[in-house]
Structure formats: structure tokens, C-alpha cells
Amino acid sequence: MNELRAQLKEWRAAIDRVLPSWWPRALAFGLIGIGIVLPFAFSNNSGFMNATIIAVAYVVMSLGLNIVVGFAGLLDLGYVAFYALGAYTLGWFGSDFFFKAKVHVGVHGIAAHEIGIHLNFILILIAAAVICALAGILIGLPTLRLRGDYIAIVTLAFGEIIGVVAVNGTDIHLGGGMTLTAGNFGISAVDAPYFPVIGQFNLLNLRPWYWLIFAIMLIII
């Protein structure tokens, strides 16, 4: 590995001597441009586009993990718990799951007339970030004093706890017949994103979905 790393550094130095100093930035903008126009090479609902959307979503997850493990140096084995919390935030605030409530903020179409809590997709993103941040503080307070394998064990337990709560959340009653989660059934029929200029997303045209997750990825980077 050391020899490979040295060889890569040598190739990078050779490229820097030949190309102008602004070439990395130009390459980055070029790759972004390719990413933006990529959907036009495929049909609106192609399987490749569907797989690419999922792949870019995993890229967003890995970027977050890079901060925790890569930059902070914390061996967090419960990182997927935050993914679950974000997913449940969409289910709680973007569906008819809390059927006793009737809250509509920034939504359009059918979602504006259904029961439950229906927030605009941007507001749900903010809510998910806040909930995950609070969960991160909660798990971080007792674990940041730990090091090595101990922090790995504690964070792994945190991930397992979230999974158990998600499955057994039907036993946590919030009143009026509502529960914290739907157990193994999950929360289905969540709202599609809506933006005032773009409009409502639909499953017959995957291009807006791709551009949305691609934009989120660029923001995270």
C-alpha cells in the first residue's frame, strides 16, 4: 500500500506539472455538469435511473459517515440509526400516520386535503436534521469519553435500540389510537416532494428525483 500511495503521489505531481493550476476545479465542475445532464441519456422511468437515485442516496449517507469516522475519528457502528430516524421523520411529518392531526404546511394536491401531518419536503429535511442532531447529542454525551472498541460497542447498541424501538413502537401509545411507529409494517404512502416552481414529483418521471438527490449530495459535499 505504501508503494501504491507513493506511485499515486508521483503521478499526481507529474499531472500538476503539465496541467494548469486550475485543472482540479475545472474537472470538478465538468463532473458536476456530466451529473446534471446524465438523466437525458435514459428514459424517464428507466431502471438505471432508479438504481442511480438509490446509489446517490447511499453516497449522501457515506459522506456523513466520512465526517464521523474519517474526520472525527469516532468508530460509530450505530450510524444507520440516524438514517432510520430521518426516514421516520418523513413518515411522521409527511403522511396520514398521525391520523388525529390535520396539519398542512407548504404542500399541494392530495396531501393538502388529507388527514395527518403534511409538511413541505424542505421542512421535513430540517426536522430530520434537528431530530438526528438531538439523537446525536443524546448518544454523544455518554460516549465521547470512550475510546476504541468501547465506543464501537456503545454506538452499536444505540443502533440496535433504535431498531427495537421501531419494531415495538406500536406499544408506545400517543393517544387517540396513534402509536409511535407502525412496527414491522412501516409507514407507507408518504408524500412526494413538492416545490412551488418545480411542482409535484411523480413515479413516472424519475429525473426530478435524481436531480433532487444530486443537489442534496452537492450541498453535503
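Predicted, not measured: the structure shown is a model, and the values here were computed from it.

What counts as what
Residues numbered from 1 in each chain as written. Predicted model: local features only at pLDDT ≥ 70, side-chain atom pairs only at ≥ 80, totals over all residues. Heavy atoms only, no water. Helix = DSSP H or I, 4+ residues; strand = E, 2+ residues; numbered from the N terminus. Buried < 20%, exposed > 50% of the residue type's maximum accessible area, 1.4 Å probe, protein only. Pairing = 2+ DSSP bridges. Phe/Tyr/Trp six-rings, centres within 6.5 Å; stacked < 30°, edge-to-face > 60°. pLDDT = per-residue confidence, 0-100. Polar contact = N/O pair within 3.5 Å; in protein donor to acceptor, adjacent residues only side chain to side chain. 1 Å grid on protein atoms, 1.4 Å probe; cavity = no way out; pocket = protein on both sides within 12 Å on 5 of 7 lines; lining within 4 Å. Points joined across faces, edges and corners; volume = space filled by probe spheres on them. Nonpolar A, V, L, I, M, F, W, Y, C, P; charged D, E, K, R; others polar.

**With respect to the overall build of the chain**
Summing up its helical and strand segments, the chain has 7 helices and 7 strands in all. For the chain, the α and β elements follow one another from N to C terminus as α-α-α-α-β-β-β-α-α-β-β-β-β-α. Its C-alpha atoms give the chain principal-axis dimensions of about 70 × 50 × 25 Å. In the chain, which comprises 221 residues, the share counted as buried stands at 31%.

**A few points about the sheet that holds strand 3 (residues 116–119)**
Spatially, the 3 strands line up as an open sheet ordered 1-3-2, and their pairing is mixed. Two strands bound the open sheet, and with one partner strand each, they are strand 1 (94–95) and strand 2 (102–105). Relative to strand 3, strand 2 is paired through 4 bridges, and the arrangement is parallel. By the bridge assignment, lysine 102 is partnered in strand 3 with glycine 116.

**Concerning the packing of aromatic side chains**
Scanning the entire structure with this criterion turns up 10 aromatic pairs. Each ring, one from phenylalanine 195 and one from phenylalanine 201, has its centre 5.9 Å from the other, and the planes form 50 degrees; the classification is tilted. Taken together through their ring pairs, the aromatic side chains of Phe121, Phe195, Phe201 and Trp209 make up a single cluster.

**Digging into the confidence of the model for the chain**
The predicted coordinates should not be examined in detail at positions where pLDDT is low. Of the residues in the chain, 100% have a pLDDT of 70 or more, and the chain-wide mean is 87. Averaged over each element, pLDDT in the chain is lowest for strand 7 (residues 199–200) (74) and highest for strand 3 (93).

**Topic: the side chain of threonine 155**
Inspection of the secondary structure assignment puts threonine 155 in helix 6 (residues 149–168). A polar contact is formed between the side chain of threonine 155 and the backbone oxygen of alanine 152, at a distance of 3.0 Å.

**Examining the layout of surface pockets**
For the second largest pocket, the calculated volume is near 300 Å³. Taken together, 14 residues line the second largest pocket, and the ones lying closest to its centre are Leu85, Trp92, Ile162, Val165 and Leu180. Mapped by element, the contributors of at least two residues to the lining of the second largest pocket are helix 4 (80–93), helix 5 (121–143) and helix 6. No other element matches the 5 residues that helix 6 contributes to the lining of the second largest pocket. When its residues are assigned to classes, the lining of the second largest pocket shows 13 nonpolar, 1 polar and no charged.

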